[in-house]
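Structure at a glance
In case you want the letters, here they are:
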Amino acid sequence: MSVIDKSSVPVALTIAGSDSGGGAGIQADLRTFAFHCVHGTSAITCVTAQNTVLVTRVDALPVDAVVAQIEAVVTDIGVQAVKTGMLLTAEIIAAVAQQVEVLKLNNLVVDPVMVSRTGAVLINDEAMATLQNVLIPKATIVTPNRYEAQLLSGLQLHTLDDMRAAAQRIHQLGAKAVLVKGGGMQGNLRGVDVWFDGHKLETLKTAVVDTSNTHGTGCTLAAAIAANLALGCDRLSAVQKAKDYVTTALRYSLAIGQGQGPVGHFFPLLQENTP
Ligand SMILES: Nc1ncnc2c1ncn2[C@@H]1O[C@H](COP(=O)(O)OP(=O)(O)OP(=O)(O)O)[C@@H](O)[C@H]1O
Ligand SMILES: Cc1ncc(CO)c(N)n1
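Read on for a plain summary of the structure. The model shown is predicted, which means the values in this text are computed figures rather than measured ones. (Residues numbered from 1 in each chain as written. Chains lettered and ligands numbered in written order. Predicted model: local features only at pLDDT ≥ 70, side-chain atom pairs only at ≥ 80, totals over all residues. Heavy atoms only, no water.)

What about the overall build of the protein chain?
- In terms of regular secondary structure, the protein chain is built from nine helices and nine strands.
- Along the first, second and third principal axes, the C-alpha atoms of the protein chain reach 50 × 50 × 40 Å.
- Counting the 275 residues in the protein chain, one finds 52% classified as buried.
- Taking the intrachain contacts of the protein chain between residues at least 6 apart in sequence as the baseline, contacts between residues at least 24 apart amount to 68%.
- Carbon and sulfur atoms provide 53% of the accessible area of the protein chain, an area that totals close to 12,300 Å².
- Counting 19 positive and 22 negative side-chain charges, the protein chain places the averaged centre of each group 5 Å from the other. (Helix = DSSP H or I, 4+ residues; strand = E, 2+ residues; numbered from the N terminus. Buried < 20%, exposed > 50% of the residue type's maximum accessible area, 1.4 Å probe, protein only. Contact = heavy atoms within 4.5 Å. Areas by Shrake-Rupley, 256 points an atom, 1.4 Å probe, with all protein chains shown as cover. Lys, Arg positive; Asp, Glu negative; His and termini not counted. Charge placed at Lys NZ, Arg CZ, Asp CG, Glu CD.)

Re the nonpolar core
- Judged by nonpolar contacts, the single largest core of 49 residues is most densely connected at Leu13, Ile15, Ile70, Val96 and Leu135.
- Counting residues per element, this core draws most heavily on helix α3 (residues 90–102), at five residues.
- Beyond its immediate sequence surroundings of up to four residues, Val96 is in contact with Ile15, Val66, Ile70, Thr84, Leu87 and Leu135.
- Counting 29 residues, the second largest nonpolar core, distinct from the first, contains Ala222, Ala227, Ala238 and Val246. (Core = buried A, V, L, I, M, F, W, Y, C linked by side-chain atoms within 4.5 Å.)

Remarks on the site of ligand 2
- In the neighbourhood of ligand 2, the contacting residues comprise Gly17, Ser18, Ala24, Gly25, Gln50, Met86 and Cys219.
- A distance of 2.8 Å separates a nitrogen atom of ligand 2 from a polar atom in the side chain of Gln50.
- Bound to the protein, ligand 2 loses 82% of the 290 Å² it would expose on its own.
- The residue makeup of the shell around ligand 2, split by class, is three nonpolar, four polar and no charged. (Near = heavy atom within 4 Å. Polar contact = N/O pair within 3.5 Å; in protein donor to acceptor, adjacent residues only side chain to side chain. Nonpolar A, V, L, I, M, F, W, Y, C, P; charged D, E, K, R; others polar.)

Notes on the pattern of salt bridges
- Per the stated rule, a full pass over the model turns up five salt bridges.
- Residues Glu101 and Lys138 are paired through a salt bridge, measuring 2.7 Å at the closest nitrogen-oxygen approach. Linking Glu101 in helix α3 with Lys138 in the loop between α4 (125–135) and β6 (141–142), this pair joins segments that are 37 residues apart in sequence.
- Residue classification places Lys138 among the partly exposed residues on the basis of a relative accessible area of 29%.
- A salt bridge links Asp193 to Lys243; the nearest nitrogen and oxygen atoms lie 3.5 Å apart. Of this pair, Asp193 sits in strand β8 (residues 192–196) while Lys243 is found in helix α8 (residues 235–251), placing the two residues 50 residues apart along the sequence. As far as burial versus exposure is concerned, Asp193 and Lys243 are alike and both buried. (Salt bridge = Lys/Arg side-chain N within 4 Å of Asp/Glu carboxyl O.)

Structural notes on the packing of helix α5 (residues 146–153) against helix α6 (residues 160–171)
- As a packed pair, α5 and α6 sit with axes 9 Å apart at the nearest point and diverge in direction by 55°. Classified by the angle between their axes, α5 and α6 sit oblique to one another. Seen from above, α5 lies across α6 with left-handed handedness. Together, Ala149, Leu152 and Ser153 of α5 and Ala166, Arg169 and Ile170 of α6 make up the contact between the two elements.
- By residue class, the composition of the contact of α5 with α6 is four nonpolar, one polar and one charged. (Axes fitted to C-alpha atoms, helices over the stretch in contact; angles between N-to-C directions. Parallel < 35°, antiparallel > 145°, perpendicular 65-115°, else oblique. Left-handed = near helix turned anticlockwise from the far one by under 90°.)

From the geometry alone we can't say anything about function, so treat these as descriptive.
Below, the structure written as structure tokens:
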């Protein structure tokens, strides 16, 4: 067993909610970081009572508790990349944005968790406005799904051209780069994502995986992007590698629970050793 030199292990921080069902949020992020050999740290924003079917309760943590977790991690361990997920309230979003500024956090991947892939609204209007006006402008990469992209761009998304137009509009909010995710698109656009960084407008496509077990794809993608940035990848290759990882994790997704099961974060590695 070799000991890994502390100075060479990349560290990533997820600022997100807990998913009791283990498929999304903090649980998905930490598994994704570990898969990438990146040490995962966390600041929990809220605790959801959730399974593969629905969310039955959400409790936000006090803003000070969220800030204390971020400070504790950054002031001692240091982080090379940060991913934000479900931040829930305007107060938490504003506090996270302030910490990004004060602690000079780089490589910030913002998954703007506002609306689920099925269209269910997850945060209130004030929180959405704070995300849009205060946190997204600080993002290295922002990763809206179809419905979040509609809200952030003011456009309806039906075609690839719509996705491309939305990515360009959202870029004007100030994020360095935008990835509009296509998990919620219909037909042959399902699983097609669009990237815009102010120069390159790219369509990212992998094989569509025919499964309903897609719980946690968005969290996993954003966490994998953050892990790749922490490992030193440039922005677009961090996204391309993360998309490949999500596609593989979808191929190994788990048919557990009565609803949408989680993606299989480690299963590509583990299957060979499974009795
Ligand atoms: N069936 C699929 N086959 C291939 N790729 C997919 C499929 N479903 C989603 N993806 C990909 O998964 C990534 C996450 O996108 P998605 O639109 O599902 O995000 P999301 O709505 O934020 O996810 P979540 O369910 O975690 O909230 C994107 O790269 C998307 O293209
Ligand atoms: C905690 C949490 N974060 C994000 C999502 C979106 O997938 C979810 N379902 N739960």
